[in-house]
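Chain by chain, the residues run as shown.
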Amino acid sequence: FALNKKHPEPRMFNFHEKLKSSYDVVIIGAGGHGLAAAYYLARDYGITNVCVLEKGYIGGGNTGRNTTIIRSNYLTPEGVKFYDESVNLWQDLSDDFDLNLFYANRGHFTLAHTDSALRTMRWRAEVNKHYGVDSEVVGPEVVKEAAPMIDISCGGHAPILGALYHAPGSVARHDAVAWGYGRGADQRGVEIHQQTEVLGIDVQAGKVKGVKTSRGYISTNKVLCAVAGSTPRILKMVDVKSPIYIHPLQAMVSEPIKPWLDPILVSGSLHVYISQSARGELVMGASLDPYELHGTRSTLDFVEGLTTHMLEMFPFLSNVKVMRQWAGMADMTPDFAPVMGKTPVEGFYLDSGWGTWGFKATPVCGKTMAHTVATDSDHPLITGFSLDRFRNYALTGEKGAASVGH
Ligand code: FAD
Ligand code: PYC
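Parameters at a glance
Residues numbered from 1 in each chain as written. Chains lettered and ligands numbered in written order. Predicted model: local features only at pLDDT ≥ 70, side-chain atom pairs only at ≥ 80, totals over all residues. Heavy atoms only, no water. Helix = DSSP H or I, 4+ residues; strand = E, 2+ residues; numbered from the N terminus. Rg over C-alpha atoms; globule rule 2.2 N^0.38 Å. Buried < 20%, exposed > 50% of the residue type's maximum accessible area, 1.4 Å probe, protein only. Lys, Arg positive; Asp, Glu negative; His and termini not counted. Charge placed at Lys NZ, Arg CZ, Asp CG, Glu CD. Near = heavy atom within 4 Å. Polar contact = N/O pair within 3.5 Å; in protein donor to acceptor, adjacent residues only side chain to side chain. Areas by Shrake-Rupley, 256 points an atom, 1.4 Å probe, with all protein chains shown as cover. Nonpolar A, V, L, I, M, F, W, Y, C, P; charged D, E, K, R; others polar. 1 Å grid on protein atoms, 1.4 Å probe; cavity = no way out; pocket = protein on both sides within 12 Å on 5 of 7 lines; lining within 4 Å. Points joined across faces, edges and corners; volume = space filled by probe spheres on them. Pairing = 2+ DSSP bridges. Axes fitted to C-alpha atoms, helices over the stretch in contact; angles between N-to-C directions. Contact = heavy atoms within 4.5 Å. Parallel < 35°, antiparallel > 145°, perpendicular 65-115°, else oblique. Left-handed = near helix turned anticlockwise from the far one by under 90°.

Caption draft 1: Examining the overall build of the chain more closely. The secondary structure content of the chain amounts to nine helices and 19 strands. Taken against the 2.2 N^0.38 rule, which gives 22 Å for 406 residues, the C-alpha radius of gyration of the chain at 21 Å falls within 12% of a compact globule. Principal axes of the C-alpha set define a box for the chain whose edges measure 65 × 65 × 40 Å. Looking at the 406 residues of the chain, the share that counts as buried comes to 55%. Here the chain carries 38 positive and 41 negative side-chain charges, and the mean point of each set is 5 Å from the other.

Encoded structure:
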């Protein structure tokens, strides 16, 4: 037996010692979105002279920090059609990558504790059905049947009146999504450079000419920015203004316990959501931290607030230990819809404004941004998400469906 130390087969990705002096496309950010765009550029458009630059490590941003809820029960026609296409793409992804993404279809309940919340659920259900998405308003007895351990009165002060039930709601293994897209792109010739930070973008006469990185200068005519919570910093480099602002979003998991919870439950009024992972951990989150902050520190205040509300729904969890907590940086928009597509700078494309809702969109973002970059025209599915909408007062209001309370 001889260990081949010189040329071992890469377990996931090739390592490239040097950056080339030029690429057809430079993608900033090796989260799920950047890697998915690289994958579809190579697979569907044959564009492989592409590098993905990542200041940290693959999936180390929000992709590896999110709570992996996948659904398409949105409020606007633009949102429903877009996320529905993503849910379709998720179905074949493990086969496509030959990598188990642990995609698990669980069903998703958005709980309503007030009459006005029920009205919003009805609205969402009708828009969803209109576009062929499986969502319906159900009574509290259906919630109880799906999650028998729930206290349907929530401690007596916020009784559950009903819910929006969305059968396609699912969860998946988030890191594996980044690895799958990364490996698929790498196998097709895309270069992924970790530990490589973009420090500046060279724009001349309104056109992208190159990128300054911590490892030298690269010439390119096309740059895709897919950096989630770092979007405002990159936009400064090209002198483009956006209404994106950054808030931390925290989450936590419990110690692993026996499986007892099949569906995903979200309560906007109690500001909590919960699912149980394949490993038995309870994956829990709440609303955004209520202040702008470009940082990923987590707080005791968050754990105390979240567990208080969690115990209103599930008092029997009082002795279960919290195992880990963390935060990501959410790039929020005023209308809770993303900002995607071409920009006033020729050759500079945006995949941003993914706030607290972008993991589920990873496949469709990859597909639509690859189209947009390859053809230099916005994919029809993303025209409702253009940066222009803020100037034109044509918002795509998704606040009622984006995630938990804000
Ligand atoms: P990221 O994964 O953050 O990737 C961006 C990458 O860019 C990072 O790796 C970063 O290091 C890199 N980068 C930044 N600046 C530079 C630079 N100058 N040079 C080079 N690289 C740079 N969404 C859902 O759909 N469902 C959920 O259940 C859900 N839960 C969430 C829970 C939490 C706690 C958080 C924080 C978010 C949640 N989200 C959820 C939102 C989701 O995580 C994000 O919208 C999505 O992961 C964004 O993916 P991305 O690839 O765009 O960004
Ligand atoms: O987009 O469904 C979602 C979500 C839930 C928690 C954070 N984001």
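Caption draft 2: How the structure looks around the site of ligand 1. The environment of ligand 1 is made up of 35 residues, and the closest members are Glu54, Asn62, Thr63, Thr67 and Lys360. Interatomic distance of 2.9 Å between a backbone N/O atom of Val198 and a nitrogen atom of ligand 1. Computed on the free molecule, ligand 1 has an accessible area of 1000 Å², of which 96% lies beneath the protein chains in the complex. Every element with two or more residues in the shell around ligand 1 is listed here: α1 (32–45) and β13 (245–254). Its residues assigned to classes, the shell around ligand 1 comprises 14 nonpolar, 16 polar and five charged.

Caption draft 3: Quick peek at the layout of surface pockets. Volume-wise, the second largest pocket comes out at about 460 Å³. What lines the second largest pocket is a set of 21 residues, and nearest its centre among them are Ala172, Arg173, His174, Ser277 and Arg279. Counted by class, the lining of the second largest pocket contains eight nonpolar, seven polar and six charged residues.

Caption draft 4: Up close: the site of ligand 2. Near ligand 2, the surroundings consist of ten residues, among which Arg71, Tyr273, Thr356, Lys360 and Ala402 are the closest. Between an oxygen atom of ligand 2 and a side-chain N or O atom of Arg71, the distance comes to 2.7 Å. One nitrogen or oxygen atom from the main chain of Thr356 is found 2.6 Å from a nitrogen atom belonging to ligand 2. Contact with the protein chains hides 94% of the accessible area of ligand 2, taken as 240 Å² for the molecule alone. Residue composition of the shell around ligand 2, grouped by class: five nonpolar, three polar and two charged.

Caption draft 5: Structural view of the sheet that holds strand β17 (residues 322–332). Reading across from one edge, β5-β6-β4-β14-β15-β16-β13-β17 is the order of the eight strands in this open sheet, with mixed pairing throughout. Edge positions in the sheet fall to β5 (135–138) and β17, since each has one partner strand and no second. Strand after strand, the sheet turns through a mean of 20 degrees between neighbouring axes, direction not considered. Packed on one face of the sheet, helix α3 (residues 115–130) meets β4 (108–112), β5 and β6 (162–166) and runs near 150 degrees to β5.

Caption draft 6: Molecular detail of the environment of Asp376. Examined against the element boundaries, Asp376 turns out to sit in the loop between α8 (362–375) and α9 (388–391). Residues Asp376 and Lys222, spaced 154 residues apart in sequence, show a C-alpha to C-alpha distance of 9.4 Å. There is a polar contact of 2.7 Å between the side chain of Asp376 and the side chain of Tyr349.

Caption draft 7: A look at the packing of helix α2 (residues 77–97) against helix α5 (residues 174–187). Between α2 and α5, the shortest axis-to-axis distance is 10 Å and the interhelical angle comes to 55 degrees. When the axis of α2 is compared with that of α5, the two are oblique. Classified by chirality, the crossing of α5 by α2 is left-handed. In this structure, α2 uses Trp90, Leu93 and Phe97 to contact α5, whose residues at the interface are Val177, Gly180, Tyr181 and Arg183.

Caption draft 8: Main features of unusual backbone geometry. Positive phi outside glycine occurs at Thr68, with the angle close to 60 degrees. Relative to the assigned elements, Thr68 resides in the loop between β2 (50–53) and α2. Thr68 gets classed as buried once you look at its relative accessible area, which sits at 9%. Although it is not a glycine, Ala228 adopts a positive phi angle of roughly 45 degrees. With respect to the helices and strands, the residue Ala228 is situated in the loop between β12 (223–225) and α6 (231–237).

None of the figures reported here should be taken as evidence of function without further support.
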